[in-house]
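Report on the structure
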Amino acid sequence: MVNGLNLAFQYLQQFSVLVLAAVGLAIIFGIMGVINLAHGEFIMVGAYATVFGYHDLGLPLLASMGLAVVVTAAFGFVVERLLIKRTYGRLFDSMVVTLGLSLVLSQGMLVLRGTSEPSIPTPFGTITYGAFSQSLYKVALALVAVGVLAVVYWLFTQTAYGVRARATIQNEEMSRALGVTTERVYSQTFAIGSALAGLTGALLAPLVSVNPTMGGTYLVKSFVVVVVGGPSVVLGTGLSGGLLGAVDAGVTYFYDQTMGSIVLLVVTVFVIRFFQDGITGFVERARDRLAAEGA
Amino acid sequence: MADDHALAGLGERFEGPNTVGSGRGFWVALAVAAAALFAYPSLTSIYQATQLSRYLVAAFLALSLAFVWGYAGILSFGQNAFYGLAAYAFAVTVGNLASPLGTTAAAAVAVGFGALASLVLGYFMFYGGVRDVYVTITTLVVTVVLNTYGTTASQVFVGSVNLGGDTGVGISDVVLGAGPVTVTLVQPLTYYVIAGLLVATYLGLRVFVNSDFGRVMVAIREDEDRAEMFGYDVKFRKLVVFTIGGGLAGLGGVLYMFQSYSVTPETVFSAAAAALPVVWVSVGGRKTLLGPIIAAVAIEWVRTAAAVQFPEVARIGVGLLMIVSILLLPEGAVPGVRSVYGYFDRHGLVDGSRRATERVRHTLRRTLLGWLPGAENGPEVARE
């Protein structure tokens, strides 16, 4: 029997995971044109930092999550200075370098900490209805995901950094001529994207099993959302997270998780084929057409 | 005289701007290397020949990626997927048609399946206007789908063969033939077959990339829009290249089955498996054919040895190799060796080494200072 409430919770979780995992990648890809194949491993680093803070340092959960964000942002900053900076304008090379980094990170973490981590209890308790119970944390996660999108929107439209970043996307040379240090914009962007990956890992740590290979799952998920979303970071990530979350949750609910992932990926291949610029590209074209008709 | 002329005419087809190595010296060296390759089993042991034949199979995969990425600019994370699909197709066909003729047919079917899979995917991508990184992402996504499906398909039967999920599909032996004539492929015969096909494939690809079609491939790699403006059908050419690449990978997959007898999703569809060909090709030099072959054999050799000694560190080594090779040798090792040779050829040994140390010192200083934020142009400014 279809249980609407269970399906809704499933949807909330898929939506939040997709949006959170993708937003950092979308920012880095959108502004720097760099595809960070180690993004999943950055999420993994965030999750590990949370577990480390919570269990090894004995910090409260919220502080551990804060620690994770700071650690991942700093890590991203260093990676950008050491590696990514050297591959600007060489798109394929940046993919190879970050793929290498992802192997080093996941395997390095395995050597360092072994195959599994102690779990973190899920906060906020549960809601029980009939024979089912669901964690309220999933609701909180969805709220945070929407909140993150709002903060990113604010960051890019209301702050000096946002103006510089958007100028850099539109015309890098002109921005430099007008005094924007594009190198610094890139550096900050990568750190912000990494911080968001760290936040994702931190938020997922109480919900999933933290292990060195967890990055792979989230990398594919975040890719899919970015590609389907298209060029607009906030709108694209929100819409495609909403759409793909529904696909994933629906298929997972009626079949199983593997089928859910497969259908998700097949949908993505179709979107790449028919809508090169994803949902937002489609929306933009429709808007332009309407505007042209109105004029 | 007449012979020389004929040889020169023959040589022309194998030489050109798109491949490394030309002239009598190079061909003599290559002949010596090929002779050593064929003498290897009788000089060492069957065990060592078996090991080397595994690394030679990797070279097919490396050649297939070098062909599509290095020559036509299509970075594909799907070459190992075509390789895996062909290996699965071979195992499934052999399982269903258990006869020497069936096995021979299976080899052809499997190579064709690799080519067909890349033809379908390529048609979908190139004629759908998918370009650049989106091609790379699409191929990666396809590989991930195959991995997800492969690991869970534990009760999926094709004919009478179970795809086996994580454990994959196996065959018992490879007996080729037709009617009364049969050959059982065992080592070192398998080794000779693989080595012979590798040499033939290498020479064939040399002719291909130096042909007119090869020149257009390079033009597409350098500037797709410009090639299109010149009137070339870029989509069609990319599709041809991608299909040949898939067929080559498929050949590698069949040869893999010839000597491993079993295939699992982990060995052909996993992310680590998708990364390896990219490592071989970028380390060896993607714009060459010889570099990827040498790199594939050398890296697999070291990686296998390392995996026995320190299994955990081997993958870290692969990752580090990818990073270091792209940052320090963006063109790969073989072009690097060639330019070092050219450098000393121009400057002489003594003067050349003095200049080289000076340059290394300068580069190191710039690199180290470049790591500090805000010091991007430090040394250059100081010099001026």
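Residues numbered from 1 in each chain as written. Chains lettered and ligands numbered in written order. Predicted model: local features only at pLDDT ≥ 70, side-chain atom pairs only at ≥ 80, totals over all residues. Heavy atoms only, no water.

**Thoughts on the overall build of chain A**
Where we set the bar: Runs of H or I in DSSP of at least four residues are treated as helices and runs of E of at least two as strands, each being numbered from the N terminus. As defined in this context, the radius of gyration uses C-alpha atoms, and a globule is described by 2.2 Å times the residue total to the power 0.38. Think of it in three bands: with a 1.4 Å probe and only protein chains considered, a residue is buried below 20% of the maximum accessible area for its type, exposed above 50%, and partly exposed in between. Here, residues are in contact when the closest pair of their heavy atoms is within 4.5 Å. Reported accessibility uses the Shrake-Rupley method at a 1.4 Å probe radius. Residues are deemed covered only where the shown protein chains occlude them. Only four residue types enter the charge count, namely Lys and Arg as positive and Asp and Glu as negative; His and the chain termini do not. To locate a charge, take NZ of a lysine, CZ of an arginine, CG of an aspartate or CD of a glutamate.
Check the secondary structure of chain A and you find 12 helices and two strands. Secondary structure of chain A in N-to-C order comes out as α-α-α-α-β-β-α-α-α-α-α-α-α-α. A globule of 295 residues ought to have a C-alpha radius of gyration of about 19 Å, and chain A, at 19 Å, matches this closely. For chain A, the spread of C-alpha atoms along the principal axes amounts to about 60 × 50 × 35 Å. The 295 residues of chain A split such that 53% are buried. Taking the intrachain contacts of chain A between residues at least 6 apart in sequence as the baseline, contacts between residues at least 24 apart amount to 75%. Taken as a whole, chain A presents about 12400 Å² of accessible surface, with 66% of it coming from carbon and sulfur. Charge centroids of chain A, computed over 15 positive and 14 negative side chains, lie 4 Å from each other.

**With respect to the overall build of chain B**
From N to C terminus, chain B includes 17 helices and six strands. Over its C-alpha atoms chain B spans a radius of gyration of 23 Å, differing by no more than 12% from the 21 Å that the globule rule assigns to 384 residues. With the principal axes as the frame, chain B shows a C-alpha extent of 75 × 60 × 55 Å. Per-residue burial over chain B gives 48% buried out of 384 residues. In chain B, of all internal contacts separated by at least 6 residues, the share reaching a separation of at least 24 is 75%. For chain B, the computed accessible surface area is about 18000 Å², with 66% contributed by carbon and sulfur atoms. A distance of 5 Å separates the average location of the 24 positive side-chain charges in chain B from that of its 24 negative side-chain charges.

**So, the packing of helix α2 (residues 39–56) of chain A against helix α4 (residues 91–113) of chain A**
Residues and elements named next belong to chain A. Test applied: Simply put, an axis is a line fit to the C-alpha atoms, just over the touching stretch for a helix, and the angle between two N-to-C directions goes from 0 to 180 degrees. Here is the rule for angles: anything less than 35 degrees is roughly parallel, anything more than 145 is roughly antiparallel, 65 through 115 is roughly perpendicular, and the remaining ranges are oblique. Put simply, a crossing is left-handed when the front helix is turned counterclockwise from the back one by less than a right angle, and right-handed when it is turned clockwise. Side-chain classes are defined by residue name, with Ala, Val, Leu, Ile, Met, Phe, Trp, Tyr, Cys and Pro counting as nonpolar, Asp, Glu, Lys and Arg as charged, and the others, Gly among them, as polar.
Between α2 and α4, the least distance of the axes is 10 Å, while the angle of their chain directions is 25 degrees. As judged from the angle between their axes, α2 and α4 are roughly parallel. Here the hand of the crossing between α2 and α4 comes out left-handed. Each of Glu41, Phe42, Met44, Tyr48, Val51, Phe52 and Asp56 in α2 lies in contact with α4, whose residues at this interface are Leu101, Ser102, Leu105, Ser106, Met109 and Arg113. Grouping the constituent residues of the contact of α2 with α4 by class yields eight nonpolar, two polar and three charged.

**Regarding the packing of aromatic side chains**
Test applied: The criterion for an aromatic pair is that two Phe, Tyr or Trp rings (for Trp, the six-membered ring) have centres within 6.5 Å, with stacked assigned to planes under 30 degrees apart, edge-to-face to planes over 60 apart and tilted to the rest.
Per the counting criterion, the structure on display carries 17 aromatic pairs over all chains. Ring pairs connect the aromatic residues Phe38, Tyr40, Tyr191 and Tyr192 of chain B, which therefore count as one cluster.

**Focus on the interface of chain A and chain B**
Under the convention used in this document: Note on terms: buried area is the combined drop in 1.4 Å-probe accessible area of two parts once they are placed together, counting the loss on both. Salt bridge criterion: a side-chain nitrogen from Lys or Arg within 4 Å of a carboxyl oxygen from Asp or Glu. Residues adjacent in sequence count toward polar contacts only when both atoms are side-chain atoms; beyond that, a polar contact is any pair of N or O atoms within 3.5 Å, and within protein one must be able to donate a hydrogen and the other to accept it.
The interface is formed by 39 residues belonging to chain A together with 43 residues belonging to chain B. Among the residues of chain A in contact with chain B, Phe92, Val96 and Leu103 of chain A are the three that bury the most area, contributing 16% of the side total. Summed over the shared surface of chain A and chain B, the number is one salt bridge. For Asp93 of chain A, the salt bridge is made with Arg286 of chain B, and the minimal N-O distance between the two is 3.5 Å. Connecting chain A to chain B are zero residue pairs in polar contact (both at pLDDT 80 or more). If you list the elements that add at least two residues to the side of chain A that touches chain B, you get α3 (61–82), α4, α9 (214–229) and α11 (257–274) of chain A. Tallying contributions element by element places α4 of chain A first for the side of chain A that touches chain B, with 15 residues. Looking at the side of chain A that touches chain B residue by residue, the class counts come to 24 nonpolar, eight polar and seven charged.

**Quick notes on the nonpolar core**
Convention followed: We define a nonpolar core as any set of buried Ala, Val, Leu, Ile, Met, Phe, Trp, Tyr and Cys residues linked to one another through side-chain atoms lying within 4.5 Å.
Membership of the largest hydrophobic core comes to 184 residues, with the highest contact counts inside it found for Leu37 of chain A together with Leu56 and Phe90 of chain B. It is helix α3 (residues 46–70) of chain B that provides the largest number of residues to this core, a total of 16 residues.

**Concerning the UniProt feature "transmembrane region" (unreviewed entry) in chain B**
All names here are of chain B. How we decide: UniProt positions are given in the numbering used here, feature names are shortened, and annotations may be inferred rather than shown by experiment.
The UniProt feature table records "transmembrane region" (unreviewed entry) at residues 25–43, 55–75, 105–126, 189–209, 239–261, 267–283 and 316–337. As a span, residues 25–43 carries 100% helix and 0% strand, and end to end its C-alpha atoms are 25 Å apart. Helix makes up 96% of residues 239–261 and strand makes up 0%, while its end C-alpha atoms are separated by 31 Å.

**Considering the pattern of salt bridges**
Tallied over the full model, the rule gives 11 salt bridges over all chains. Here Glu222 of chain B ties to Arg221 of chain B by a salt bridge, and the two come within 2.9 Å at their closest N and O atoms. As a salt-bridge pair, Arg226 of chain B and Asp223 of chain B come within 3.7 Å of each other at their nearest N and O atoms. Beyond isolated ion pairs, a larger network of salt bridges with shared partners links Glu80, Arg81 and Glu183 of chain A.

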